[in-house]
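Below, each chain spelled out in residue letters.
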Amino acid sequence: MEPVLEVRNLSSWYSEGRSLPWKKEDRQQVLRDVSFDICPGEIVGLVGESGSGKTTLCRAILGMLKEWDGEIIHRTTRPQMVFQDPFSSLNPAHTIGWILEEPLRVQGKLTKPQRKAAVLEILEQVGLGAEYYGRKPSELSGGQRQRVSIAAAVITRPGLIVADEPVSALDVTIQAQILELLVDLKKKYNLSYLFISHDLNVVYQICSRVLVMRQGQILEQGSVEEIFENPQHPYTKQLLEASDCY
């Protein structure tokens, strides 16, 4: 199967001060020759310390980055994002129904009754139900808000979802429920995920492959079994030892 996402030789920079964007000598390099694929139905973990370039890579994939070289090939509709903090990513002034309907309004493909039906359907799929349609984010728990965030990402039926630390703000019990939901939705809608996490135990639980990033480079990539049972790069071993996974 063709990958839903191909990243080839991706490099990026940010300009310091008032330096000219076309003068690379005046810019700080963030990503360095990054290449990887994500296949249909695959969950690929992205791990690395803070400042390693994970967020910049996500922004490039989502089309939010201006200065980059290389190639990013999408073979599905535009990827969607699930954020770490669902409260800050949900508009507090609107109801859950309005929030979930907004991506469909932007698409402009459905009538108003069809949009409402789609919202009610996705609420059921994420384990909330029609009674949440008229509520606001402040009336929901952290786990419920994250379910809404996931629903908002899935409702347009993207092929790829970028999940940035989607369970790190939740307690362990709720984490397990959200991870189970992500897997269930992957199967139902044939989704693929780029799953960013600092928790290697979570990565081992949910991902099929892992990318290890440091200082803007992919140092090592392979199946979960290869990375966790036989890491090749010293930095990968260091991460695993620090997380008691090695």
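Residues numbered from 1 in each chain as written. Predicted model: local features only at pLDDT ≥ 70, side-chain atom pairs only at ≥ 80, totals over all residues. Heavy atoms only, no water.

Novice: Mind laying out helix 6 (residues 172–189), listing which residues take part and the relevant values?
Specialist: For helix 6, built from 18 residues, the straight-helix expectation of 26 Å at 1.5 Å per residue is met to within 8% by its first-to-last C-alpha distance of 26 Å. Within the span of helix 6, buried status applies to Gln175, Ile178, Leu179, Leu181, Leu182, Leu185, Lys186 and Tyr189. Each buried residue of helix 6 lies within a common arc of 155° when the element is viewed along its axis, so the set occupies one face. Turned more than 90 degrees from where helix 6 packs its buried face, Val172, Thr173, Glu180 and Lys187 sit exposed. Structurally, helix 6 contributes buried residues whose contacts are with strand 3 (43–47), helix 4 (112–125), helix 5 (142–154), strand 7 (192–196) and helix 7 (200–206). At the N-terminal boundary of helix 6, the capping side chain belongs to Asp171, with an oxygen 3.2 Å from the backbone nitrogen of Thr173. With its phi angle positive at about 55°, Asn190 sits one or two positions after the end of helix 6. (Helix = DSSP H or I, 4+ residues; strand = E, 2+ residues; numbered from the N terminus. Expected span 1.5 Å × (residues − 1). Buried < 20%, exposed > 50% of the residue type's maximum accessible area, 1.4 Å probe, protein only. Arc of directions from axis to C-beta. Contact = heavy atoms within 4.5 Å. Polar contact = N/O pair within 3.5 Å; in protein donor to acceptor, adjacent residues only side chain to side chain.)

Novice: Kindly report on the nonpolar core, identifying the contributing residues and their values.
Specialist: Judged by nonpolar contacts, the single largest core of 48 residues is most densely connected at Leu100, Leu185 and Phe195. If we ignore the near neighbours within four places in the chain, the residues touching Leu100 are Val119, Ile122, Leu123, Val148, Ala151, Ala152 and Ile155. (Core = buried A, V, L, I, M, F, W, Y, C linked by side-chain atoms within 4.5 Å.)

Novice: Give a description of unusual backbone geometry that names residues and reports values.
Specialist: Trans peptide bonds make up most of the peptide bonds, and negative phi angles are found at most residues other than glycine. Positive phi is not limited to glycine here, since Arg157 has a value of about 55°. As for its position among the elements, Arg157 is in the loop between helix 5 and strand 6 (160–164). On the accessibility criterion, Arg157 (37% relative accessible area) is partly exposed. In the Ramachandran plot, Gln215 falls in the positive-phi region, its phi being about 50° despite a non-glycine side chain. On the secondary structure map, Gln215 appears in the loop between strand 8 (209–214) and strand 9 (217–223).

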